[in-house]
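Here's the letter readout for the chains.
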Amino acid sequence: QGLYEEALIQFEKIKDTDFQGMYQLGVMHYDGLGTKEDPEKGVAYMKKILYSDSPKARHLKFAAAYNLGRAYYEGCGVKQSTKEAERLWLIAADHGNPKASVKAQSTLGLLYSVSVLKDLKKAFFWHSEACGNGNLESQGALGVMYLYGQGVCRNTKAALKCLREAAERGNIYAQGHLVEYYYSRKFYSTAAAVAKRITENDDIDVLAKITDCLPTYVAKGVAMAAFYLARCLQLGLGVQQDQAAAKKYYSKACLLDPAVAADLELAANLGRI
């Protein structure tokens with residue numbers, strides 16, 4: 001905290017002549033780093049950068065647009081507007097330019113997957129762009145889209161390639177879907193072994209920070225793994241039957257993501273898994 005406070009003083013001194021200083025101040029005020037949280041002030045600095053005519057602000061415009069989009073989406077420091085968030089993220093994503101905000105490209109993929117603006121073809125396009133630019137979250141999302149034919153024709157080979165590569169890079173959501181795939185193909189011992197490894201670390205916030213993936217999707221991945229491990233333990237599939245351990249992992253899945261656990265429980269009751 002002391003280092004943030006010192007940095008804040010230095011950035012305040014140079015903000016009128018240095019756009020990088022202004023950008024850092026915007027982030028610090030928005031997130032409350034070294035100062036009291038003041039999202040309105042953070043938003044004001046980001047807008048100054050985005051709408052500046054100075055060539056010195058050019059390299060920061062994509063990042064400023066991404067942050068402003070986040071503010072509008074969350075309704076933090078400004079009136080909530082998903083449409084305005086979309087507009088700003090499209091500026092930040094710059095048609096998939098690798099030098100633009102890759103985070104904005106991935107965020108658009110998520111926005112078009114789950115929000116009121118749902119459009120799976122657009123979601124697939126933006127996840128493809130972000131994945132091509134190295135984004136780990138989008139690589140996992142692409143794998144799932146290929147696996148279930150969402151926004152693209154179903155393609156198991158492409159799905160497994162994306163999921164395995166993303167899983168190797170630490171994407172927990174991709175790892176959870178691989179467990180589901182192995183289980184559905186009756187590779188029970190593989191499903192159980194992979195699931196056991198995933199569930200050993202369930203500190204969602206730490207995992208999200210390490211992988212730069214959204215905590216929501218990290219939790220979904222661990223919940224899926226926990227449920228399938230519980231199912232294997234309950235029925236003795238690929239592992240020795242153990243009802244007490246099964247109960248423990250069912251509870252873990254419910255705590256991490258009640259909706260994922262409920263969907264899988266329904267599928268189990270209907271005899272699908």
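For the structure itself, look to the data block above.
In short, a report on the structure. Being a predicted model, the structure only gives us computed values, none of them experimental. (Residues numbered from 1 in each chain as written. Predicted model: local features only at pLDDT ≥ 70, side-chain atom pairs only at ≥ 80, totals over all residues. Heavy atoms only, no water.)

## Things to note about the overall build of the chain
A count of helical and extended segments in the chain gives 15 helices and zero strands. Overall, the C-alpha framework of the chain stretches about 65 × 45 × 30 Å when taken along its three principal axes. For the chain, the proportion of its 273 residues judged to be buried stands at 49%. (Helix = DSSP H or I, 4+ residues; strand = E, 2+ residues; numbered from the N terminus. Buried < 20%, exposed > 50% of the residue type's maximum accessible area, 1.4 Å probe, protein only.)

## Quick word on the packing of helix 5 (residues 82–93) against helix 6 (residues 102–114)
One can describe the packing of helix 5 onto helix 6 by two numbers: an axis separation of 8 Å at closest approach and a directional angle of 145°. As helix 5 packs across helix 6, the resulting crossing turns out to be left-handed. The segment helix 5 lies against helix 6, with Thr82, Glu86, Trp89, Leu90, Ala92 and Ala93 engaging Ala104, Gln105, Thr107, Leu108, Leu111 and Tyr112. Classifying every residue of the contact of helix 5 with helix 6 gives eight nonpolar, three polar and one charged. (Axes fitted to C-alpha atoms, helices over the stretch in contact; angles between N-to-C directions. Left-handed = near helix turned anticlockwise from the far one by under 90°. Contact = heavy atoms within 4.5 Å. Nonpolar A, V, L, I, M, F, W, Y, C, P; charged D, E, K, R; others polar.)

## Brief notes about the pattern of salt bridges
For the structure shown, the criterion picks out ten salt bridges. A salt bridge links Asp31 to Arg70, with the nearest nitrogen and oxygen atoms 3.0 Å apart. Of the two residues, Asp31 sits in helix 2 (residues 19–31) while Arg70 sits in helix 4 (residues 61–74), which places them 39 residues apart along the sequence. With its nearest N and O atoms 2.6 Å apart, the salt bridge here joins Lys252 to Asp202. Remark: Asp202 occurs in the loop between helix 11 (188–199) and helix 12 (204–211) and Lys252 occurs in helix 14 (residues 243–256); sequence separation between them is 50 residues. Note on Asp202: relative accessible area 35%, which makes it partly exposed. (Salt bridge = Lys/Arg side-chain N within 4 Å of Asp/Glu carboxyl O.)

## Description of the side chain of Ser101
Within the element layout of this structure, Ser101 appears in the loop between helix 5 and helix 6. A distance of 3.0 Å separates a polar atom in the side chain of Ser101 from the backbone nitrogen of Ala104. Those residues within four positions of Ser101 in sequence are excluded, and the remaining contacts are Phe62, Tyr66, Ala92 and Ala93. (Polar contact = N/O pair within 3.5 Å; in protein donor to acceptor, adjacent residues only side chain to side chain.)

## Here's the deal with the environment of Ala268
Within the secondary structure layout, Ala268 lies in helix 15 (residues 258–269). Dropping the residues within four chain positions of it, Ala268 is found in contact with Phe227, Arg231 and Ile273.

## Structural notes on the packing of aromatic side chains
Applying the stated criterion across every chain, the model contains ten aromatic pairs. Between the aromatic rings of Phe125 and Trp126, the centroid separation amounts to 4.9 Å while the plane-to-plane angle is 80°, which identifies the pairing as edge-to-face. (Phe/Tyr/Trp six-rings, centres within 6.5 Å; stacked < 30°, edge-to-face > 60°.)

## Let's talk about helix 2
Compared with an ideal rise of 1.5 Å per residue, which puts 13 residues at 18 Å, helix 2 spans 18 Å between its outermost C-alpha atoms and is within 8% of the ideal. Among the residues of helix 2, Phe19, Gly21, Met22, Tyr23, Leu25, Gly26, Val27, Met28, His29 and Tyr30 are the ones counted as buried. The distance from a side-chain oxygen at the start of helix 2 to the backbone nitrogen of Gln20 is 2.8 Å, and the residue carrying that oxygen is Asp18. A positive phi of about 70° marks Gly32, the residue just after helix 2. (Expected span 1.5 Å × (residues − 1).)

## A few points about the nonpolar core
For soluble globular proteins, the rule of thumb is that nonpolar side chains tend to be buried together. Counting 92 residues, the largest nonpolar core has Ile49 and Ile273 as the members making the most contacts within it. In terms of residue count, helix 13 (residues 215–235) provides more of this core than any other element does, 14 residues in total. Setting aside residues no more than four positions away along its own chain, Ile49 makes contact with Phe19, Met22, Tyr23, Ala57, Leu60, Lys61 and Ala64. (Core = buried A, V, L, I, M, F, W, Y, C linked by side-chain atoms within 4.5 Å.)

## Some words on the packing of helix 12 against helix 13
Relative orientation and spacing of two packed helices are given, respectively, by the angle between their axes and the distance between those axes. It is at 9 Å that the axes of helix 12 and helix 13 come closest, and there the two elements cross at 115°. Relative to helix 13, the crossing made by helix 12 is right-handed. The residues of helix 13 that touch helix 12, namely those facing Ile204, Asp205, Leu207 and Ala208, are Pro215, Val218, Ala219 and Val222. Looking at the contact of helix 12 with helix 13 residue by residue, the class counts come to seven nonpolar, no polar and one charged.

## Quick look at the side chain of Glu180
Relative to the helices and strands, Glu180 is located in helix 10 (residues 172–184). In this structure the side chain of Glu180 is engaged in a polar contact, spanning 2.7 Å, whose partner is the side chain of Tyr228. Among residues more than four places away in sequence, those in contact with Glu180 are Tyr148, Met224, Tyr228 and Leu264.

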